[in-house]
Amino acid sequence: QVQLVESGGGLVQPGGSLRLSCAASGSIFSINVMGWYRQAPGKQRESVATITRGGTTNYADSVKDRFTISRDNAKNTVYLQMNSLRPEDTAVYYCNAYLSGSSGFGAYWGQGTQVTVSS
């Protein structure tokens, strides 16, 4: 019953900004960690940013000082503010969460949202 739904992807020019959101729904007791991964064509999926329930964040070196992850625990939602976007940021961005629900503790993934950075 747990579902993660991403939104906010789209086309943006280099140097522009975009904000992604991911909302978790279903029978959830608590969410320990939420984060964003991305996968570009021909490349492996990589971690972009994560945030714990307490607010501790971690970023990939490639996005440090450009991206900001945040979350609203009351809404079970995580956000990714992306600034100074570059063509190499083009990828499908996936939301993930480690949570405890009625079926136990586990990892869940969203379906992904496309981000394209191009002039």
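In what follows, the structure referred to is the one given above.
Residues numbered from 1 in each chain as written. Predicted model: local features only at pLDDT ≥ 70, side-chain atom pairs only at ≥ 80, totals over all residues. Heavy atoms only, no water.

**Q** Even after reading the chapter, I still don't get the pairing of strand 7 (residues 67-72), so can you show me in this structure?
**A** Along any regular strand, the residues point their side chains to alternate faces of the sheet. Residues Phe-67, Ile-69 and Arg-71 point to one face of strand 7 and are all buried, whereas Thr-68, Ser-70 and Asp-72, pointing to the other face, are not buried. Where strand 7 lies against strand 8 (residues 77-82), 6 bridges are found, and the strand directions are antiparallel. Bridge pairing links Thr-68 to Gln-81 in strand 8. Between strand 7 and strand 8, which pair antiparallel one after the other, the connecting turn spans 4 residues, and Asn-76 there sits at a positive phi close to 50°. (Buried < 20%, exposed > 50% of the residue type's maximum accessible area, 1.4 Å probe, protein only. Helix = DSSP H or I, 4+ residues; strand = E, 2+ residues; numbered from the N terminus. Pairing = 2+ DSSP bridges.)

**Q** How should the side chain of Asp-89 be read in this particular structure?
**A** Looking at where Asp-89 falls in the secondary structure, it is placed in the loop between strand 8 and strand 9 (91-101). Residue classification places Asp-89 among the buried positions, given a relative accessible area of 1%. Engagement of the side chain of Asp-89 in a polar contact is seen with the side chain of Arg-66, the distance being 2.8 Å. When residues no more than four places from it in sequence are discounted, the contact partners of Asp-89 are Arg-38, Arg-66, Phe-67, Ser-84, Val-115 and Val-117. (Polar contact = N/O pair within 3.5 Å; in protein donor to acceptor, adjacent residues only side chain to side chain. Contact = heavy atoms within 4.5 Å.)

**Q** When you look at the packing of aromatic side chains in this model, what are you seeing that I'm missing?
**A** Each pair of aromatic rings is reported with the distance of its centres and the angle of its planes. Evaluation of the coordinates by the stated rule reveals 2 aromatic pairs. Both rings, one in Tyr-98 and one in Phe-105, keep their centres 6.5 Å apart while their planes meet at 25°; by these two values the pair is stacked. Residue classification places Tyr-98 among the partly exposed residues on the basis of a relative accessible area of 35%. In this structure, Arg-45 packs its charged tip against the face of Trp-109, placed 4.8 Å from the ring centre. (Phe/Tyr/Trp six-rings, centres within 6.5 Å; stacked < 30°, edge-to-face > 60°. Lys NZ or Arg CZ within 6 Å of the ring centre and 35° of its normal.)

**Q** When you look at the environment of Thr-116 in this model, what are you seeing that I'm missing?
**A** Here Thr-116 shows up in strand 11 (residues 113-117). Overall, Thr-116 belongs to the partly exposed group, its relative accessible area being 26%. Here Thr-116 is in contact with Gly-10, Leu-11, Val-12 and Thr-90, once residues within four sequence places are set aside.

**Q** I tried to follow the nonpolar core on my own but got confused; where do I start?
**A** In this structure, Trp-36, Leu-80, Met-82 and Tyr-93 are the most contacted members of the largest nonpolar core, which totals 31 residues. Listing elements by their share of this core, those giving two or more residues are strand 3 (18-25), strand 4 (28-39), strand 5 (46-52), strand 7, strand 8, strand 9 and strand 11. Counting residues per element, this core draws most heavily on strand 9, which supplies 5 residues. Residues in contact with Tyr-93, not counting those within four places in the same chain, are Glu-6, Leu-20, Trp-36, Tyr-37, Arg-38, Val-48, Phe-67, Leu-80, Met-82, Gly-112, Thr-113 and Val-115. (Core = buried A, V, L, I, M, F, W, Y, C linked by side-chain atoms within 4.5 Å.)

**Q** Can you help me understand the environment of Thr-113 in this one?
**A** Tracing the sequence through the fold places Thr-113 in strand 11. Once residues within four sequence positions are removed from consideration, Thr-113 is found in contact with Glu-6, Gly-9, Leu-20, Ala-91, Val-92 and Tyr-93. A distance of 3.3 Å separates a polar atom in the side chain of Thr-113 from the backbone nitrogen of Gly-9.

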